[in-house]
Amino acid sequence: MHFKPNFLKFLNYLPSNVILQFKPNSLFFYCTKINPQNPKPFILKQCIALLQSCASSFYKLKQIHAFSIKHGVPLTNPLLGKHLIFFSISLSPSMYYAHQIFPQIETPNIFTWNTMIRGYAFSENPKPAIDLYFQMRVNLVEPDTHTYPFLLKAISKLLDVKLGEMVHCNAVKTGHENLVFVQNGLVHMYATCEYPESAYKVFEKMSVRNLVTWNTVINGFALNGKPDQVLNFYKEMSFKGIEPDGFTLVSLLCACAELGALALGRRVHIYMLKVGLIENLHAGNALLDFYAKCGRIEEAKYVFYEMKEKSVVSWTSLIVGLAVNGFGNEAIHLFNQMEGEKLAPTDITLVGVLYACSHCGMVEKGFHYFNKMKEKYGITPRIEHYGCMVDLLGRSRKVKEAYEFIKNMPMKPNVVIWRTLLGACSLHGHLALAQIARAKLLELDPKHCGDYVLLSNLYASEHRWTDVHQVRTKMVKDGVRKTPGVSLVELRNRVYEFVMGDRSHRQDKEIYDKLREINKVLRLEGYVACTKNVLADIEEEEKESALIYHSEKIAIAFMLINTLPGTPITVMKNLRVCGDCHLAIKLISKIFDREIVVRDRSRFHHFKHGSCSCRDYW
């Protein structure tokens, strides 16, 4: 039943002793005088019918509320209060109106408490949901099957795992722990609060698992940087015959992007085409991001231009993808196209634009966009944008200008800013500024292994071996361990991991034979090992021997053995690629006629025919 706005206005003009009566199974109504001795039940029924039938806007809800007040229905009535709260939360994103009504209700039932908790859980301020739960327990109202999922949603947004554990205990005491909706909420809460092991324990105990359960645990491990676990769960889910949906595929594509699992990601792409999920905007954005993060920028562009609907996220993903893959001019061109579409860029879009300028040496263009951020785009530069500018100056050998830029920042520089400056000093040989940056880092983050390595690199490049030894000794004394270089490659739907000097693989002998062959042919091409950053005062021959066994070289040797000639090779590395490996891989791409894509900690390198997309500027 639907009533026009004029009808609602008409209600307020009715005398207080007249109500409307509806004929059963009819659109007709008639006016009836009510008993002045007991008017409220009739009016109450009238208001609830109106709320259920025509509360299609928040304005109309307030009209009906005013009508109830005018005709003497007290707000303390639990039935009226229940409906007013339910519809006010459904129709308005603000909890203000419901918050004003709730305290006036006399003995609200569990449905009303749950509705309020749900409203706050999905609002921008979930904290009152927790307060309501404690107030409910004080009033001796027992939670039911709906209370815990809403409550756990609020806790997940607050990232308060201690509170989540307490609610988990209460769920056990009240006998609700074994309900699938409560268990799903617990898995989500632990995963969001970065306790994947606890999430997995709840998951293991579940006797009934629905698609939401699998999506929750898969997404939890994806968010917590455990992509290998995501793939394992997806395989187990497939074995159980559970069909994935868009949420599953988004998490799976994120994991594939992290691991560089190109073949599996392509299979996901085919599945999306098969079931029609390719038109899902979120899944399409995840697919675009996956290809960009795997270094397949042409495939990322194909996905982008095939998308029927594009959001700012779509444009931003490709702009950032082009930037980190070394196609800075294309990234800027795409940004100009986005402006032509009258789409407002976000702060992340501008990070991508500045990153493109930084990694392609476009200093003037970088400052042009940085200076126009607030004026043209209405975006106040954040610490990430200032970091891009420091990086831009540092990469362009303007290290002193980068330091001056840091001193004039309107906010306090963080560890990333000082670490960026230290990296530029190490790269271009500015020892005095490096020591200033290192002193700041000792205050902010004294146990980060990368800072020790950067300073050691700088000392080693100047043959100051005593200083190198002191830095290394301090690392040991402070209990700081250097992060080992790890390289990942995918072969036949399996991801293989290699570390420096790795001898654990079953093809160990063949890999090292291939490495010796590679080293031999490199020398015939005129290769001379770049040993300046080997952090030890040892003979040059020993330094060269150490460089042969870097993890990316082992990974490439493994792929050369196990793939057909001409097959592209993709390597994912957790650290910045060193100068020697960069030089060697350029020559390997030429000698073995392979396209080799290396994603290091900061960007992609596309090696082909003896050159790199970064133009040796990284």
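Values in this document were obtained by computation on a predicted structure and should not be read as measured data. (Residues numbered from 1 in each chain as written. Predicted model: local features only at pLDDT ≥ 70, side-chain atom pairs only at ≥ 80, totals over all residues. Heavy atoms only, no water.)

Once that is clear, we can look at the confidence of the model for the chain. Looking at the chain, pLDDT values average 82 and 84% of them are 70 or higher. Counting interchain partners and residues more than four positions distant, the pLDDT-below-50 stretch residues 1-5 has eleven contacts. In this model residues 535-543 is a low-confidence stretch, pLDDT under 50, and it forms 15 contacts with partners more than four residues away in sequence or in other chains. (pLDDT = per-residue confidence, 0-100. Contact = heavy atoms within 4.5 Å.)

Attention now moves to the nonpolar core. Core analysis: the largest hydrophobic core is formed by 143 residues, its most contacted members being M116, L252, F290 and L421. Here this core takes eight residues from helix α16 (residues 281-293), the largest share from any one element. Beyond its immediate stretch of four places on either side in the chain, L421 contacts V390, V399, A402, Y403, I406 and A437. Counting residues in each nonpolar core, the second largest holds 34 residues, with Y496, L515, Y527 and A529 among its members. (Core = buried A, V, L, I, M, F, W, Y, C linked by side-chain atoms within 4.5 Å. Buried < 20%, exposed > 50% of the residue type's maximum accessible area, 1.4 Å probe, protein only. Helix = DSSP H or I, 4+ residues; strand = E, 2+ residues; numbered from the N terminus.)

Within the structure shown, the criterion is met by 22 salt bridges. Between R382 and D347 there is a salt bridge, with the nearest N and O atoms lying 2.6 Å from each other. Taken together, the residues R382 in the loop between α21 (363-377) and α22 (383-395) and D347 in helix α20 (residues 347-359) connect sequence positions 35 residues apart. Here D513 and K509 are joined by a salt bridge, their closest N and O atoms 3.1 Å apart. (Salt bridge = Lys/Arg side-chain N within 4 Å of Asp/Glu carboxyl O.)

A complete count under the given rule lists 20 aromatic pairs for this structure. Their ring planes at 35 degrees and their centres at 5.2 Å tell us that F221 and F233 sit as a pair that is tilted. Of this pair, F221 sits in helix α12 (residues 211-223) while F233 sits in helix α13 (residues 227-239), placing them twelve residues apart in sequence. Comparing F221 with F233 shows no difference in burial state: the two are buried. Connected via pairs of aromatic rings, a cluster forms that spans Y200, F203, W214, F221 and F233. Above the plane of the ring of F203 lies R209, whose end atom (NZ or CZ) is 4.1 Å from the centre. It is R503 that lies over the ring of Y512; its NZ or CZ is 3.9 Å from the centre. (Phe/Tyr/Trp six-rings, centres within 6.5 Å; stacked < 30°, edge-to-face > 60°. Lys NZ or Arg CZ within 6 Å of the ring centre and 35° of its normal.)

Here we come to the environment of H359. Inspection of the secondary structure assignment puts H359 in helix α20. Residues H359 and R395 lie 36 residues apart in sequence; the distance between their C-alpha atoms is 7.7 Å. A polar atom in the side chain of H359 sits 3.4 Å from the side chain of R395. (Polar contact = N/O pair within 3.5 Å; in protein donor to acceptor, adjacent residues only side chain to side chain.)

Burial analysis of strand β5 (residues 569-573) places five of its five residues in the buried class, the great majority of the element. Summarising the sheet, strand β3 (residues 486-491) and β5 pair through two bridges and their orientation is antiparallel. Looking at the pairing, S487 lines up with K573 of β5. Across four bridges, β5 lies against strand β6 (residues 596-599) in parallel orientation. Counterpart to M572 in the pairing with β6 is R599. (Pairing = 2+ DSSP bridges.)

Turning to the pairing of strand β4 (residues 494-499), a few remarks are in order. As paired strands, β3 and β4 are joined by six bridges and run antiparallel to one another. Of the residues in β4, the one forming a bridge with V486 is V499. Counting the residues that bridge the hairpin from β3 to β4 gives two residues, and of these R492 lies at a positive phi of roughly 50 degrees.

If you check α13, its first and last C-alpha atoms are 19 Å apart, about what 13 residues at 1.5 Å a residue would give, namely 18 Å. What α13 keeps buried is the set P227, V230, L231, F233, Y234 and M237. Take α13 and look down its axis: the buried residues cluster within an arc of 165 degrees, on one side only. Buried residues along α13 sit in contact with α11 (196-205), α12, α14 (246-259) and α15 (262-275). One or two positions beyond α13, positive phi appears at G241, with a value near 75 degrees. (Expected span 1.5 Å × (residues − 1). Arc of directions from axis to C-beta.)

Here we come to the sheet that holds β5. One open sheet holds the six strands; their spatial order is β4-β3-β5-β6-β7-β8, and the pairing between them is mixed. The open sheet is flanked by β4 and β8 (611-612), the only strands paired with a single partner.

The next subject is a positive patch on the surface. A surface patch of like charges, here positive, comprises K235, R267, R492, R494 and R506. Residue placement: R267 occurs in helix α15. (Patch = residues over 30% accessible without salt bridge, like charges linked within 9 Å, V, L, I, M, F, W, Y side chains within 5 Å. Areas by Shrake-Rupley, 256 points an atom, 1.4 Å probe, with all protein chains shown as cover. Lys, Arg positive; Asp, Glu negative; His and termini not counted. Charge placed at Lys NZ, Arg CZ, Asp CG, Glu CD.)

Glancing now at the packing of helix α10 (residues 180-192) against α11. Packed helices, taken two at a time, are described by their axes: the angle between them and the distance between them. Running from N to C, α10 and α11 cross one another at 165 degrees; their axes reach a closest spacing of 7 Å. Between α10 and α11, the angle is such that the two are roughly antiparallel. Of the two possible hands of crossing, α10 and α11 adopt the one that is left-handed. For the pair α10 and α11, the contacting residues are Q183, L186, V187, Y190 and A191 in the first and P196, S198, A199, V202 and F203 in the second. (Axes fitted to C-alpha atoms, helices over the stretch in contact; angles between N-to-C directions. Parallel < 35°, antiparallel > 145°, perpendicular 65-115°, else oblique. Left-handed = near helix turned anticlockwise from the far one by under 90°.)

Moving on to the packing of helix α24 (residues 415-428) against helix α25 (residues 431-444). Between α24 and α25, whose axes approach to 9 Å, the crossing angle comes to 150 degrees. Our classification of the angle between α24 and α25 gives roughly antiparallel. Classified by chirality, the crossing of α25 by α24 is left-handed. Every residue of α25 that contacts α24 at V415, W418, R419, L421, L422 and C425 is listed here: L433, A434, A437, K440, L441 and L444. Its residues placed into classes, the contact of α24 with α25 shows ten nonpolar, no polar and two charged. (Nonpolar A, V, L, I, M, F, W, Y, C, P; charged D, E, K, R; others polar.)

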